[in-house]
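In case you want the letters, here they are:
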Amino acid sequence: MTQAATGSEPDERVPGRRWTVRLDPVGRGSAEVRVSCSRPACAERRLPSAAAGRTAAVAHLTAHLRATPAPRADTYCACRADGCRAHLPDTGRHARTQQPWRCGGPVVLAVITDRAGRWWQALECCSRCAAATPGARTTAASPPSAARTAGRPTPAVAGPGAGTPQFSDQQVTTRTGGPAHLPVPAPRPRPARRRPPEARVGRRVIPRDLRPVSLRDELTELGDLFRAYQKRPEPDLALLADLQERKARAFLTWSEVSCDVTLRLEAQRAEQAAAVIRRQHQHRTGCVPDGEEPGVARLLTGPAQWEYARSVLAYVAGHTPLPGAEARLLVLMLTLRTAHTGTGNLVGQDVNALGLTDPEDLVQQLTGCGWLSLPGTVGDLLASRPENPTPITVPSLVPGKDGTGPFTFGRKTRPKLSGWAQRAVSDKKLRKVKAPADARLLAVTLATWTDDVGRLGPGGRGVTLDALTTRVPVGADELRDLVDRLTAADWLTDAALTDTHLIGRLTERVLPLTCPLED
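The numbering scheme is per chain: residues are counted from 1 as the chain's sequence reads. Since the coordinates come from a predicted model, pLDDT governs what is reported: local features require at least 70, and pairs of side-chain atoms require 80 or more to be given and counted, while whole-chain, interface and lining totals use all residues. Only hydrogens and water are removed before side-chain values are computed, so all heavy atoms of the structure are retained for them.

A.B. asks: Just to check I follow, could you spell out the packing of aromatic side chains for this structure?
C.D. replies: Here a Phe, Tyr or Trp ring, Trp counted by its six-membered ring, pairs with any other such ring whose centre lies within 6.5 Å, and the pair is stacked when the planes are under 30 degrees apart, edge-to-face when over 60, and tilted otherwise. Evaluation of the coordinates by the stated rule reveals 4 aromatic pairs. Geometrically, the ring pair formed by Phe 407 and Phe 409 is stacked, given 5.4 Å between the ring centres and 20° between the ring planes. Only protein chains enter the accessibility calculation, which uses a 1.4 Å probe; a residue whose area is less than 20% of its type maximum is buried, one above 50% is exposed, and one in between is partly exposed. Note on Phe 409: relative accessible area 5%, which makes it buried. Seen from the ring of Phe 226, Lys 247 lies directly overhead, with NZ or CZ sitting 5.8 Å from the centre. Here, a charge over a ring is recorded when the distance from Lys NZ or Arg CZ to the ring centre is within 6 Å and its angle to the ring normal is within 35 degrees.

What follows is the structure, given as structure tokens:
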């Protein structure tokens, strides 16, 4: 640094303050970081992660800035000894020989940050140096200075906090002879890195000169498709398997063109991933090769049984003699018990487990209207136990003289359908949250309106509210409450009720109870 003569301006002023807050790793094999400050009074801190360390370092520096008084007007730049751009000597024809620094403007308190987020520095410097430093931010400025006499600095004014900043540039004065306050220059913006975007597929950068062009376009499109798939709200295993197969073919061609063995190995991994994902999709949808068991073991095993379940729900929706969701649920369970011959056995637990408000009164109404026949009283039915069941008869389900009834499934299918419905309405999570009868009716209805992965409606597009209210006779407000109950019971997830549709999907837990719709 060039030494000024005795009594020159820098010697009459004091050095600017400067302190640094650093973020350093503790050691190898540890995620901890160390936050230290150049001020002797500040103790070192250790944080569990780099993110926590950066937050603590910024907070520590902010506390210093708030506690620090305004910049002193009688200081010279703390950055002068660091090769600051404003202190470089002139290189033109008229280079100055007496003072190599070119400071100017009032003294400011500036903050400089490392781009990598490893250190933060606060220092007193002139506004010209702050503007010449990329990324510097000014937090405070000194009060305006007094005018200088010709050729000599003005002595400091006595008083606390008062002083006269002395810089190598000329002061600007007003017509009245008073000093004019110089505005603080804005910091020079950090230079932006202008790099052309690189096309990528996974972690691989696609060369710009890759030939043929069709291969480069295919790789670029694959990269975009994989990134778009990662943003999907729900997985689509069939689509992912197709993407992996395309990636395997493209990487194999890329390997042949560039003679890169690693590309061939990555193509093999993509081909193996496609096969595994395809098999997972087959297991989830039940479309597996002969001799293999599906990934989802459904209680009703085939499309024919699924259609039988939907036919019973449709029949009950049009032939329930009493209004309300509770009556429809009870009629559904009794219909499945007596569907083949019109007669069956029932115990009290079968009725009491449906979450009915008043099961005795409801059974009494069904017997009173003639839809149900009992050999004894309703109390005897509700008190019956498995070792002594009560025989019941539904006259409308008794086959006619030609031996046909309203349903076409056989004797072996009826107990499967009855067991499926009983398993659905008596689900343990539904019992745990004490779901009412209308919530259980909605649960068993939605189980018949899903696709192969549990999404509601054909193709996962949702169930229309018009069709849903024909099966579950409730209002819009009641339906919203039932959806919330099923979500709390881990039956529904991602549910959304719009003005026209109920969108969502059944959870993995209840997939064995679903009856997928055919595409």
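A.B. asks: Explain unusual backbone geometry to me, please; I cannot follow it from the model alone.
C.D. replies: Backbone phi values are negative for most residues with the exception of glycine, while trans is the configuration of most peptide bonds. Cis rather than trans, the peptide bond between Arg 211 and Pro 212 has omega equal to 5°. Although it is not a glycine, Asp 490 sits at a positive phi angle of roughly 60°. Its location among the elements puts Asp 490 in the loop between helix H16 (476–488) and strand S14 (492–497). Take Asp 490: its relative accessible area is 30%, and that puts it in the partly exposed class. Here Asp 494, not a glycine, exhibits a phi torsion of approximately 55°, which is positive. Topologically, Asp 494 is positioned in strand S14. The class of Asp 494 is partly exposed, set by a relative accessible area of 47%. Per the convention used, a helix needs a DSSP run of H or I reaching at least four residues, while a strand needs a run of E reaching at least two, with both numbered from the N terminus.

A.B. asks: Honestly, the pairing of strand S6 (residues 107–113) in this entry has me stumped. Any pointers?
C.D. replies: Every regular strand shows the same layout, with side chains that alternate between the two sheet faces. When you tally the buried positions in S6, you get 6 out of 7 residues, the bulk of the element. Where S6 and strand S7 (residues 119–126) come together, 7 bridges link them in antiparallel fashion. Across the sheet, residue Leu 109 finds its bridge partner in S7, namely Glu 124. Here, any two strands with at least 2 DSSP bridges between them count as paired. Counting the residues between successive antiparallel strands, the hairpin from S6 to S7 contains 5 residues, one of them, Gly 117, with a positive phi of roughly 70°. With 4 bridges joining them, S6 and strand S8 (residues 137–141) adopt antiparallel strand pairing. Across the sheet, residue Ala 110 finds its bridge partner in S8, namely Thr 138.

This is a description of form; function is not addressed.
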